[in-house]
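What follows is the residue order along each chain.
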Amino acid sequence: VPLLFLQGERDCQVTMADFACWKETLKKRPHTKFISYPCLNHLFMAGGGKTWPEEYPTPRNDSEQVIWHISASGQHP
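Residue numbers run consecutively from 1 along every chain, following the written order of its sequence. At least 70 in pLDDT is required for a residue's local features to be given in this predicted model, at least 80 for side-chain atom pairs to be given and counted, and no such filter applies to totals for whole chains, interfaces and linings, which use all residues. Only heavy atoms go into the side-chain values, all of them from the structure, while hydrogens and water stay out.

Section: the overall build of the protein
1) Next: When helices and strands are tallied, the protein shows 2 helices and 2 strands.
2) Next: By the criteria applied, helices consist of DSSP H or I runs no shorter than four residues and strands consist of E runs no shorter than two, each listed in order from the N terminus. Mapped from its N terminus to its C terminus, the protein presents α and β elements in the order β-α-β-α.
3) Next: Its C-alpha atoms put the protein at 40 × 25 × 15 Å along the principal axes.
4) Next: For the protein, the residues scored as buried account for 27% of the 77 residues in total.
5) Next: For the protein, the share of sequence-separated contacts (at least 6 apart) that also reach a separation of at least 24 residues comes to 61%.
6) Next: Only the protein chains shown count as cover for residues, with accessible areas throughout obtained via the Shrake-Rupley method and a probe of 1.4 Å. As displayed, the protein offers around 5,400 Å² of accessible surface, 60% of which is attributable to carbon and sulfur atoms.
7) Next: A distance of 9 Å separates the average location of the 8 positive side-chain charges in the protein from that of its 8 negative side-chain charges. Buried residues are those whose accessible area, probed at 1.4 Å on protein chains only, stays under 20% of the maximum for their type, while exposed residues exceed 50% and partly exposed ones sit between those limits. For this analysis, residues touch if any pair of their heavy atoms sits within 4.5 Å. All tallies of charge rest on Lys and Arg as positive and Asp and Glu as negative; His and the ends of each chain are not included. Throughout, a charge is located at the NZ atom of Lys, the CZ atom of Arg, the CG atom of Asp or the CD atom of Glu.

Below, the structure is given as structure tokens:
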């Protein structure tokens, strides 16, 4: 079964250290893809600087790039 891990680099709940741990643990597993997004938070919403939970209620759209990666992930051989 293919696995897709997506990580917002501004995420203050699941950190890039967590992402690196998953990546290291599953590095030999076939059909596993890891993608991180520098400007996205835990909800895959764009912003700048450090993420604070107070920004979550602000209405925003999810990143088109994330949506594209999810839809394209179903195209594994």
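Some remarks on the pairing of strand β1 (residues 3–8)
1) Next: For β1 and strand β2 (residues 32–37), the ladder comprises 6 bridges, and the chain directions are parallel. Residue Gly 8 lies in a different strand from β2, and its bridge partner there is Tyr 37. Only strands joined by at least two bridges in the DSSP assignment are considered to pair.

Some points on the state of the cysteines
1) Next: When the sulfur atoms of two cysteines come within 2.5 Å, that pair is taken as a disulfide. Per the counting criterion, the structure on display carries 0 disulfides.
2) Next: The thiol of Cys 21 is not disulfide-bonded; the next cysteine sulfur, from Cys 12, is found 19 Å away.
3) Next: Given a relative accessible area of 48%, Cys 21 falls into the partly exposed group.

A word on the pattern of salt bridges
1) Next: Think of a salt bridge as a Lys or Arg side-chain nitrogen and an Asp or Glu carboxyl oxygen that are within 4 Å of each other. As enumerated under the stated definition, the model contains 3 salt bridges in all.
2) Next: Its salt-bridge partner being Glu 55, residue Arg 10 comes within 3.1 Å of it at the nearest N-O pair. Remark: Glu 55 occurs in the loop between β2 and α2 (64–73) and Arg 10 occurs in the loop between β1 and α1 (16–25); sequence separation between them is 45 residues.
3) Next: For Arg 10, a relative accessible area of 8% corresponds to the buried category.

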